Amino acid sequence: MPFPRLHLITDSFAVARAAVDAAGPELAVQVRVEDGVDDRDAYELAGKVVELCVGAGALCLVNDRLHVALAVGAGGGHVGALDLPVDAARRVLGPGAVLGATARDPGTARRAVAAGATYLGVGPAYATSTKDGLPPPIGPAGVAAVAAAVGVPVIAIAGVTAARVPELLESGAYGVAVIGAIGRAPDPGAATIELLKALS
Ligand SMILES: Cc1ncc(COP(=O)(O)OP(=O)(O)O)c(N)n1
Ligand SMILES: Cc1ncsc1CCOP(=O)(O)O
Ligand SMILES: [Mg+2]
């Protein structure tokens with residue numbers, strides 16, 4: 001199965017289940033819990049999501065907490081500027097794991113790939129209310145600058161909707177990552193299908 005173009009970032013098993021039921025192996029589910037959540041709760045959620053994903057052929061990734069990713073047998077993890085450095089994360093996960101890294105500019109992107117990143121989460125592409133404290137959006141042009149600089153999949157993140165997917169693909173993005181477009185949708189399964197159609 002090719003690397004997934006649609007990445008759902010969530011801390012809800014119900015949302016993950018609806019999206020996996022709709023997308024199966026075309027989906028990556030990144031388990032991302034708030035900083036105040038205990039490792040035990042993160043472990044229990046991630047274990048349920050991994051079981052769901054394995055049964056459907058979907059990829060499960062764990063945000064930040066790579067020890068939890070290893071403990072539950074996830075496909076890999078994602079790190080940003082406040083997490084383990086990419087080279088350390090690669091050593092922790094091992095050579096075969098999927099390792100995502102956050103980048104918003106070509107220099108950071110190149111360094112992350114050189115350090116062992118499998119894919120890059122690139123943004124914030126647009127403004128979003130989901131996460132506070134983000135730097136200014138880089139827009140499709142910023143995504144394009146990163147995509148032109150690296151040879152790994154670029155997953156655009158922040159403010160992503162199905163309507164914005166075409167311009168992101170045009171900019172060179174391989175795929176997208178979303179929280180709200182699926183997680184806050186009245187019907188997460190239908191929202192998942194809408195995003196997959198936009199990505200196809
Ligand atoms: C696919 C993807 N891209 C970017 C991020 C953001 O990661 P990070 O910068 O470490 O911020 P937090 O998600 O930890 O708040 C991501 N998680 N996934
Ligand atoms: C975790 C994260 N990192 C950069 S933006 C973001 C949140 C994206 O949420 P949404 O898809 O609802 O804009
Ligand atoms: Mg992080």
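The structure presented is a predicted model; accordingly, all values stated were derived computationally and were not measured.

### Here's the deal with the site of ligand 1
Around ligand 1 sit 14 residues, and of these Gln-30, Arg-32, Asp-64, Asp-83 and Lys-131 come closest. Here Arg-32 contributes a side-chain N or O atom positioned 2.8 Å from an oxygen atom of ligand 1. One of the side-chain nitrogen or oxygen atoms of Asp-64 is found 3.0 Å away from an oxygen atom of ligand 1. Contact with the protein chains hides 87% of the accessible area of ligand 1, taken as 420 Å² for the molecule alone. Broken down by class, the residue content of the shell around ligand 1 amounts to four nonpolar, six polar and four charged.

### Remarks on the UniProt feature "domain: Thiamine phosphate synthase/TenI" (unreviewed entry) in the protein chain
UniProt annotation of "domain: Thiamine phosphate synthase/TenI" (unreviewed entry) refers to residues 16–182 when read in the numbering used here. As annotated, residues 16–182 comprises 41% helix and 19% strand, and the C-alpha atoms at either end are separated by 9 Å.

### Comments concerning the site of ligand 2
The immediate surroundings of ligand 2 are formed by Arg-32, Thr-128, Thr-130, Lys-131, Leu-134, Ile-157, Ala-158, Gly-159, Val-178, Ile-179, Gly-180 and Arg-184. A distance of 2.8 Å separates an oxygen atom of ligand 2 from a polar backbone atom of Gly-159. A distance of 2.9 Å separates an oxygen atom of ligand 2 from a polar backbone atom of Ile-179. Relative to its unbound accessible area of 380 Å², ligand 2 is 90% covered by the protein chains. Here the residues of the shell around ligand 2 sort into five nonpolar, four polar and three charged.

### Here we look at the pairing of strand β1 (residues 6–10)
Of all five residues making up β1, five are buried, and the element is well covered by its neighbours. Of the two faces of β1, both are covered, the one formed by Leu-6, Leu-8 and Thr-10 as well as the one formed by His-7 and Ile-9. You can see the chain leave β1, run along helix α1 (residues 13–23) and come back into strand β2 (residues 27–31), and the turn it takes is right-handed. The pairing of β1 with strand β8 (residues 175–178) spans three bridges and is classified as parallel. The residue of β8 that forms the bridge with Leu-8 is Val-178.

Analysis parameters
Residues numbered from 1 in each chain as written. Chains lettered and ligands numbered in written order. Predicted model: local features only at pLDDT ≥ 70, side-chain atom pairs only at ≥ 80, totals over all residues. Heavy atoms only, no water. Near = heavy atom within 4 Å. Polar contact = N/O pair within 3.5 Å; in protein donor to acceptor, adjacent residues only side chain to side chain. Areas by Shrake-Rupley, 256 points an atom, 1.4 Å probe, with all protein chains shown as cover. Nonpolar A, V, L, I, M, F, W, Y, C, P; charged D, E, K, R; others polar. UniProt positions renumbered as here; feature names shortened; annotations may be inferred. Helix = DSSP H or I, 4+ residues; strand = E, 2+ residues; numbered from the N terminus. Buried < 20%, exposed > 50% of the residue type's maximum accessible area, 1.4 Å probe, protein only. Right-handed = clockwise from strand over helix to strand, strands pointing away. Pairing = 2+ DSSP bridges.

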